[in-house]
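Architecture at a glance
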Amino acid sequence: MTTPLVSIRDLHVELGGRSVLDGVDAELKRGQITALIGWNGSGKTTLLRALVKEVPYRGRIEFHCGHDHRRPTPEHVGYVPQKLRVEANLPLTVADLLGLALLRWWPLFLGIGRRARQRMEQLLARVWLGSEFLDRPVEKLSGGELQRVLLALALEPHPELLLLDEPAAGIDFQHAEKFYELLADLNRRTGVTILLVSHELSVVNRHAHHVLCLTDGRVQCQGPPQEMLTQDAILRTFGSGSGLYGHHHD
Ligand SMILES: Nc1ncnc2c1ncn2[C@@H]1O[C@H](COP(=O)(O)OP(=O)(O)O)[C@@H](O)[C@H]1O
Ligand SMILES: [Mg+2]
């Protein structure tokens, strides 16, 4: 049996005087990919933010990994948020962005020299990007490339848990597919535990080991994708006329 990396017990979050998460019980199994699905506004992003202590909560979130998770930003959790605000006019290159992540542990007196650059190239290689991307302005990256750079950031130093909030939203189908393959490959090779918010049920079906469905801040159902993605469960999670059966390209 797979042991849990994280146990979530009776989790409650209130934001702006409203209950957003209302007694969530869930486990993230070690080394598995858990997909978090649910209608917009059901509390998916809030659950991820509670896991990285960005929102106050009641209830228990226990990490069974032996690391100290009481600090505000747990080091062993990599988080790729739903929205990134890149200032359009900020002349930030990929190397600048990765440099910020490296500075968390790279001794400042070494500067961002050749060794740091080599390290950055290794980080990019992990997400299947070549070293030519280091000098690209962040604002010029395609959606898929930006997501992979953000994933590279979240993979540094070495998370046990990776949280991804709709990572492929706004990316065309082909590149989204490649991104999910990359995630599945990382999971297989490094055993990193992944919690992934996704609306693409075909992706969930192919890559997730476990599915959690949220409705109005509660876990509506959970189980293996083969059981969760039946018509019944989808209807219970999304309601009829959800349009989620359709696959749209834009
Ligand atoms: N800071 C906030 N203040 C008040 N309400 C919020 C805040 N953040 C999120 N909410 C509300 O909580 C609900 C769940 O939001 P969210 O977790 O972002 O849902 P999801 O990611 O599933 O779409 C929504 O109704 C949203 O409007
Ligand atoms: Mg969200």
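The structure we're discussing is the one just above.
Residues numbered from 1 in each chain as written. Chains lettered and ligands numbered in written order. Predicted model: local features only at pLDDT ≥ 70, side-chain atom pairs only at ≥ 80, totals over all residues. Heavy atoms only, no water.

Here the focus is the sheet that holds strand E6 (residues 161–165). Hydrogen bonding along the main chain pairs the strands of a sheet, whether they run parallel or antiparallel. Sheet architecture is open: six strands sit in the order E5-E6-E7-E3-E8-E9, paired in mixed fashion. Looking at the sheet topology across the chains shown, the edges are occupied by strand E5 (77–80) and strand E9 (218–223). Strand after strand, the sheet turns through a mean of 15° between neighbouring axes, direction not considered. In this sheet, strand E7 (residues 193–197) lies alongside strand E3 (residues 33–38) in parallel orientation, the contact comprising four bridges. Its bridge partner being in E7, leucine 36 is matched across the sheet by valine 197. (Pairing = 2+ DSSP bridges. Helix = DSSP H or I, 4+ residues; strand = E, 2+ residues; numbered from the N terminus. Axes fitted to C-alpha atoms, helices over the stretch in contact; angles between N-to-C directions.)

With that settled, consider the site of ligand 1. In the vicinity of ligand 1, the residues found are Leu15, Gly16, Arg18, Val20, Trp39, Asn40, Gly41, Ser42, Gly43, Lys44, Thr45 and Thr46. A distance of 2.8 Å separates an oxygen atom of ligand 1 from a polar atom in the side chain of lysine 44. Interatomic distance of 2.8 Å between a side-chain N/O atom of threonine 45 and an oxygen atom of ligand 1. Protein chains bury 64% of the 560 Å² of accessible surface belonging to ligand 1 in isolation. A per-element tally of the shell around ligand 1 places helix H1 (residues 44–51) first, with three residues. Tallied by class, the residues present in the shell around ligand 1 amount to three nonpolar, seven polar and two charged. (Near = heavy atom within 4 Å. Polar contact = N/O pair within 3.5 Å; in protein donor to acceptor, adjacent residues only side chain to side chain. Areas by Shrake-Rupley, 256 points an atom, 1.4 Å probe, with all protein chains shown as cover. Nonpolar A, V, L, I, M, F, W, Y, C, P; charged D, E, K, R; others polar.)

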